[in-house]
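Letter by letter, the chains look like this.
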Amino acid sequence: MANASWFSHGAAAAPETLGLVMLQADPHAWRLDRSTQLVAVSDALADGIAAAGKLRTRFVDLSPEQIARELGLHVEMTDDDPMVGSIWRFAEYRPRPPRIVLYSRGLSPLERNLTRSRAVRLLGRATLRDVFIAHELFHHIEAIRPDVPIARRYQPSLLRIGNWHWRTGIGAMAEIAAGAFAQSLLDLPCHPKALDFVAVDAIAVT
Ligand SMILES: [Zn+2]
């Protein structure tokens, strides 16, 4: 597929569609049947939206960075290599002490490749920094709330012996929810997973 159409598909796709793509990329998701996958995706999206709604009620006009500060989270930039194995990092949440780390070298190819018109279609009035901080804020909220982590709500059995099940979580669920959280908190035109379509181009030519 040409780059431009990759971008258009990503930007135009419904959160449910992008969420399902994300879920199906998870190494354990194939163990869930199709209807359970669909329910899991809408559950993750709804969780992110509900968490964003609660935070917006509490901090009406604040930016994600200001909210982070109110919650006692540091936001820092690092020049570290964004690539770990096959994973390209833009940002991450680190729990001890709680902070959000932005990878400047991870974000810069994305910033370069995000033309003005693409930025408007993907981000509306938000910035990339807002989106990545918002995403990591969700991981912080998940880490400190008492609920069962979303990644463990759908636990396929890896191995079953009699009544004993060895179960695994699905990490993609937290990523789907974190994206929905950022979309809702910042009123983005699409689920920020669509940014990956821009990033893939940018990183491939870096
Ligand atoms: Zn994440």
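Keep in mind that this is a model prediction, so the values were computed, not measured. (Residues numbered from 1 in each chain as written. Predicted model: local features only at pLDDT ≥ 70, side-chain atom pairs only at ≥ 80, totals over all residues. Heavy atoms only, no water.)

Undergrad: Can you walk me through the pairing of strand β7 (residues 164–167) in this structure?
TA: On a regular strand, each side chain points to the face opposite its neighbour's, so the side chains alternate between the two faces of the sheet. Sheet analysis places strand β6 (residues 157–161) next to β7, joined by four bridges and oriented antiparallel. Of the residues in β7, the one forming a bridge with Arg160 is His165. Hairpin connection between β6 and β7: a loop of two residues separates the two successive antiparallel strands, and Gly162 in this loop has a positive phi of roughly 60°. (Pairing = 2+ DSSP bridges. Helix = DSSP H or I, 4+ residues; strand = E, 2+ residues; numbered from the N terminus.)

Undergrad: Mind showing me how you'd approach the environment of Ala172 here?
TA: As for its position among the elements, Ala172 is in helix α8 (residues 172–186). When sequence neighbours within four positions are dropped, the list of residues in contact with Ala172 reads Met22, Leu23 and Asp26. (Contact = heavy atoms within 4.5 Å.)

Undergrad: Just to check I follow, could you spell out the packing of aromatic side chains for this structure?
TA: Each pair of aromatic rings is reported with the distance of its centres and the angle of its planes. On inspection of all chains with the given rule, the structure shows two aromatic pairs. Seen in terms of ring centroids, Phe90 and Phe132 are 4.9 Å apart; in terms of plane orientation they differ by 35°. Their pairing is tilted. Note that Phe90 is positioned in the loop between β3 (87–88) and β4 (91–94) and Phe132 in helix α7 (residues 128–144), a separation of 42 residues in sequence. Judged by relative accessible area, which is 11%, Phe90 ranks as buried. Ring geometry for Phe138 and Phe181: centres 5.6 Å apart, planes at 50°, overall tilted. Taken together, the residues Phe138 in helix α7 and Phe181 in helix α8 connect sequence positions 43 residues apart. Using a relative accessible area of 0% as the deciding quantity, one classes Phe138 as buried. (Phe/Tyr/Trp six-rings, centres within 6.5 Å; stacked < 30°, edge-to-face > 60°. Buried < 20%, exposed > 50% of the residue type's maximum accessible area, 1.4 Å probe, protein only.)

Undergrad: Explanation requested: the layout of surface pockets in the structure shown.
TA: The method is simple in principle: a probe with the dimensions of a water molecule rolls over the atoms, and the space it marks as empty is what remains. In this structure, the largest pocket spans a volume of roughly 840 Å³. Lining the largest pocket are 24 residues, with Trp88, His135, Glu175, Lys193 and Asp196 positioned closest to its centre. Contributions of two or more residues to the lining of the largest pocket are made by α2 (15–24), β3, β4, α7, α8 and α9 (195–204). Among the elements that line the lining of the largest pocket, the one with the most residues is α7, at five residues. Classifying every residue of the lining of the largest pocket gives 13 nonpolar, five polar and six charged. When its volume is computed, the second largest pocket comes out at roughly 280 Å³. Lining of the second largest pocket is provided by Asp47, Ala50, Ala51, Lys54, Leu55, Arg58, Leu71, Ile141, Ile144, Arg145 and Asp147. Here the lining of the second largest pocket takes six residues from helix α3 (residues 34–58), the largest share from any one element. Looking at the lining of the second largest pocket residue by residue, the classes come out as six nonpolar, no polar and five charged. (1 Å grid on protein atoms, 1.4 Å probe; cavity = no way out; pocket = protein on both sides within 12 Å on 5 of 7 lines; lining within 4 Å. Points joined across faces, edges and corners; volume = space filled by probe spheres on them. Nonpolar A, V, L, I, M, F, W, Y, C, P; charged D, E, K, R; others polar.)

Undergrad: Looking at this structure, I do not really get the packing of α3 against α8. What am I missing?
TA: Between two packed helices, what matters for the description is the angle formed by their axes and the separation of those axes. Interhelical geometry of α3 versus α8 gives an angle of 40° and a closest axis separation of 7 Å. The orientation of α3 relative to α8 falls into the category oblique. Considering only the axes of α3 and α8, their crossing is right-handed. Across from Ala40, Val41, Ala44, Leu45, Gly48, Ile49, Ala51, Ala52, Leu55 and Arg56 in α3, the residues of α8 making contact are Met173, Ile176, Ala177, Ala180, Phe181, Ser184 and Leu185. (Axes fitted to C-alpha atoms, helices over the stretch in contact; angles between N-to-C directions. Parallel < 35°, antiparallel > 145°, perpendicular 65-115°, else oblique. Left-handed = near helix turned anticlockwise from the far one by under 90°.)

Undergrad: What's the story with the pattern of salt bridges in this structure? I'm lost.
TA: Any two side chains of opposite charge can pair, on the condition that their charged atoms come close. Considering all chains together, one arrives at eight salt bridges under this definition. Across the pair Glu92 and Arg94 runs a salt bridge whose closest N-O atoms are separated by 2.8 Å. When its relative accessible area of 25% is taken as the criterion, Arg94 is described as partly exposed. Each of the salt bridges in this network shares a partner with another, and the network as a whole consists of Asp47, Glu142, Arg145 and Arg153. (Salt bridge = Lys/Arg side-chain N within 4 Å of Asp/Glu carboxyl O.)

Undergrad: When you look at the sheet that holds β4 in this model, what are you seeing that I'm missing?
TA: Strand pairing in a sheet relies on backbone hydrogen bonds. The paired strands run either parallel or antiparallel. With respect to topology, three strands assemble into an open sheet ordered β1-β5-β4, the strand pairing being mixed. Each of the sheet's edge strands pairs with one partner strand only, and the pair in question is β1 (74–78) and β4. Adjacent strand axes in the sheet meet at a mean angle of 25° when their direction is disregarded. Two strands pair when backbone bridges link them, and β4 and strand β5 (residues 99–103) are joined in this way by four bridges, in the antiparallel orientation. When the sheet's bridge partners are listed, Tyr93 is paired in β5 with Ile100. Contacts from helix α5 (residues 104–113) reach β1 and β5, with the element oriented near 55° to β5. Where α7 meets the sheet, it contacts β1, β4 and β5, and its direction lies at approximately 25° from that of β4.

In short, the description is geometric, and any link to function would need to be established separately.
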